[in-house]
Amino acid sequence: MSELGKYAPLTYFQLMEVSLRELLVEKGVVSDAEVDAVAADMKSRGPERGAKVVARAWTDPAYKQRLLADGSAACEELGLDVPALRLVVVENTPAVHNVIVCTLCSCYPRMLLGLPPDWYKSRNYRSRVVREPRAVLAEFGTRLPEEVAIRVHDSTADMRYMVLPLRPAGTEDWSEERLAGIVTRDSMIGVALAKTA
Amino acid sequence: MAAEALAARFKPGDRVRVMKAYPLGHIRTPYYIRGCSGVIERICGAFPNPEELAQMRSGLPAQPLYRVRFAQAEVWPDYRGGRDDTVDVEIFEHWLDKAAE
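Throughout, residues of each chain are indexed from 1 in the direction in which the sequence is written. Throughout, the order in which chains and ligands are written sets their labels, letters from A for the former and numbers from 1 for the latter. Per-residue local features are limited, in this predicted model, to residues with pLDDT of at least 70; the limit for side-chain atom pairs, both in listing and counting, is 80 or more; totals at the level of whole chains, interfaces and linings are taken over all residues. By convention in this description, side-chain values take in all heavy atoms of the structure and omit both hydrogens and water.

Trainee: Explanation requested: the pattern of salt bridges in the structure shown.
Mentor: Between side chains of opposite charge, a pair can form as their charged atoms come close. Salt bridge, as used here, is a side-chain nitrogen of Lys or Arg placed within 4 Å of a carboxyl oxygen of Asp or Glu. According to the stated counting rule, one finds 18 salt bridges over all chains in the structure shown. Here Glu 139 of chain A and Arg 128 of chain A are joined by a salt bridge, their closest N and O atoms 2.7 Å apart. Here the residue Glu 139 of chain A occupies a position in helix α9 (residues 133-139), and Arg 128 of chain A occupies one in helix α8 (residues 123-128), the gap between them amounting to 11 residues. Only protein chains enter the accessibility calculation, which uses a 1.4 Å probe; a residue is then buried when its area is under 20% of its type maximum, exposed when over 50%, and partly exposed in between. We classify Arg 128 of chain A as buried; its relative accessible area is 19%. For Arg 15 of chain B, the salt bridge is made with Glu 74 of chain B, and the minimal N-O distance between the two is 3.8 Å. With Arg 15 of chain B in strand β1 (residues 15-18) and Glu 74 of chain B in helix α2 (residues 72-75), the pair connects residues that are 59 residues apart, well separated along the chain. Classification of Arg 15 of chain B by relative accessible area gives partly exposed; the value is 23%. Classification of Glu 74 of chain B by relative accessible area gives exposed; the value is 51%. Numbering goes from the N terminus for both helices and strands, where a helix is a DSSP run of H or I of at least four residues and a strand is a run of E of at least two.

Trainee: I keep staring at the layout of surface pockets and nothing clicks. Help me out?
Mentor: It is the rolling of a water-molecule-sized probe over the atoms that shows where space remains empty. All names here are of chain A. The calculated volume of the largest pocket comes to roughly 260 Å³. Around the largest pocket sit Val 35, Val 38, Ala 39, Met 42, Lys 43, Arg 110 and Leu 115, which together line it. The leading source of residues in the lining of the largest pocket is helix α2 (residues 32-44), at five residues. For this scheme, ten residues count as nonpolar: Ala, Val, Leu, Ile, Met, Phe, Trp, Tyr, Cys and Pro. Four count as charged, namely Asp, Glu, Lys and Arg, and the remainder, Gly too, count as polar. Tallied by class, residues from the lining of the largest pocket come to five nonpolar, no polar and two charged. A pocket, in this scheme, is an open set of points on a 1 Å grid over the protein atoms alone with protein on both sides within 12 Å along at least 5 of 7 lines, while a cavity is a set where a 1.4 Å probe fits but cannot get out; residues line either one if an atom lies within 4 Å of a point. Grid points are joined across faces, edges and corners, and a volume is the space filled by probe spheres set on the points.

In structure tokens form, the structure reads like this:
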């Protein structure tokens, strides 16, 4: 609690962001209200959107096929707007585990998972998960047997990716809503598994 | 997808090699994958060339974009992990050449 109210100078990038934003407002390119509305919209989206998609795919095989064939269109079916970008959904199976990164910057399926966690944008994660994915997954507590193939997806251009986690055993009679409750952000990035407990 | 787009030269399953080039500018082909060969996993569509967009130009005609799948053991000589481990990277067509089978 002692951190509250403590003065800390802005970092280089924070200062650049404030300067640029103030300039854009001053020049009339955008208004303060527009900036606030976009920020509020971004903050209002969270991983529960992706969880809804996953739970539907787990309970509806036909939906799952549509989702894997065209992620953006399948999200629209659930009323989720996936603007201008193309979503590729990659499916975990007992033989294949998928994990997502953007080694160049921090491309992330914000429309389904909200704002990315800080570690996703860190140089550590971005440089290492592509080179030693098993070691990085282990640091998240995810240890996979050697015979499970790991597929890393580097979102370097116009696609965005989401992992469809493996449905945990013992959830056969669960409702879609209850299933959505166990689908975590990290399981849709691929650094964790969906678990019942 | 942009209306003004080049037709895709490659199809899924084709073996391709990423150019080993180091031009300046806004390049979305990661360093670590340059010079590596892999297999076209899918055609993503055609998108304005980001290298041109970064120079405030139109980026048209749109460049075909592919997802290319590489074997990790070939990308990293000291890779420790399964032989079936892969990395998929999105690469624009002008960075790809046909590779020997």
